[in-house]
Amino acid sequence: MKHMPPSNPSNRDTKKRAAGLLWIGFICICVVIGVFGTLKPSKGKLDEAENQENAVAANECLNQAFGQTANGTIIFPEDYAGAYINGGHLVLLLTNTSEEATEKYRNWAGKYSSCLTFKKVKYSYNELSEKLDPIVEKLKEDGYEVTSSAVSETENAVSIGLFKCESAEASKLAKNLSETFGVRVLVSEVIYTTECVETE
């Protein structure tokens, strides 16, 4: 039989304190888990997130309804000018906001139609897109260095970035291009910073 050393009373007190602290820690953890388990995100935040998801889903439904070319490019309807999400709404930019036109989009959006809102604009996406390349070509022919070009849906315009173009010149150029091509054109200077590094 093995002989056990006598227990040290101070060891027993330390073990009792440690066990007591472990129990207190365990109880605190249970209380914290219980409290956090009952907390729920505010209803407003949940509704906002759900509305955002619905707006995205509505946009996906519309893109599917529009159809695509063989290479996957979306074919936009003639009255469509773009879309953006504002809060929980998908704002559709249309050149025709008649009841008949908006009903077509509501049908395409299906169960997400309640999150659609409509805003009337002057130019369709197709119209702006058709003018983009000719505008860029004209600028290049005139000696400008085009650094960016795109259809700006939110501005309902063709947006052009030029290298070394002062704001007064950009305003005059935008006005002339708008008159020549029959669409709204925005011109701005796009500045690139280049750092030269010598190598051995």
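Right above here is the structure, for reference.
Remember, predicted model here, so these are calculated numbers, not experimental data.

Novice: What exactly am I supposed to notice about the pairing of strand 4 (residues 146-152) here?
Specialist: Two faces make up the sheet, and in a regular strand the side chains alternate between them. Pairing analysis gives six bridges linking strand 4 to strand 5 (residues 157-162), with the strands arranged antiparallel. Looking at the pairing, Ser152 lines up with Ala157 of strand 5. Linkage of strand 4 to strand 5, two consecutive antiparallel strands, is achieved through a turn of four residues, within which Asn156 is found at a positive phi near 50 degrees.

Novice: Sorry, what's going on with the pattern of salt bridges here?
Specialist: Oppositely charged side chains can pair when the atoms bearing their charge come close. Taken as a whole, this structure holds three salt bridges when the rule is applied. The shortest N-O distance in the salt bridge between Asp79 and Lys104 comes to 3.4 Å. Highlighted residues: Asp79 in the loop between helix 2 (43-66) and strand 1 (80-86) and Lys104 in helix 3 (residues 99-109), separated in sequence by 25 residues. Using a relative accessible area of 10% as the deciding quantity, one classes Asp79 as buried. Lys104 gets classed as partly exposed once you look at its relative accessible area, which sits at 30%. The closest approach of N and O atoms between Arg184 and Glu155, which form a salt bridge, is 3.5 Å. You can see Arg184 sitting in the loop between helix 5 (167-181) and strand 6 (185-189) and its partner Glu155 sitting in the loop between strand 4 and strand 5, a full 29 residues away along the chain.

Novice: Explanation requested: the packing of aromatic side chains in the structure shown.
Specialist: For any pair of aromatic rings, geometry is given as the distance between the ring centres together with the angle between the planes. By the definition in use, this model includes seven aromatic pairs. Ring geometry for Phe66 versus Tyr80: centroids 5.1 Å apart, planes at 65 degrees, classification edge-to-face. Pair noted here: Phe66 is in helix 2 and Tyr80 is in strand 1, with a separation of 14 residues, a long-range link. A residue is classified by how much of its surface remains accessible, and Phe66, at 9% relative accessible area, is buried. Seen from their ring centres, Phe76 and Tyr80 are 4.9 Å apart, and the 10 degrees between their planes marks the pair as stacked. By the burial criterion, Phe76 is buried, and Tyr80 matches it. In textbook terms, an aromatic cluster arises when at least three aromatic residues are bridged by ring pairs, as seen for Phe66, Phe76, Tyr80, Tyr105, Trp108 and Tyr125.

Each value, and the rule that gives it
Residues numbered from 1 in each chain as written. Predicted model: local features only at pLDDT ≥ 70, side-chain atom pairs only at ≥ 80, totals over all residues. Heavy atoms only, no water. Pairing = 2+ DSSP bridges. Helix = DSSP H or I, 4+ residues; strand = E, 2+ residues; numbered from the N terminus. Salt bridge = Lys/Arg side-chain N within 4 Å of Asp/Glu carboxyl O. Buried < 20%, exposed > 50% of the residue type's maximum accessible area, 1.4 Å probe, protein only. Phe/Tyr/Trp six-rings, centres within 6.5 Å; stacked < 30°, edge-to-face > 60°.

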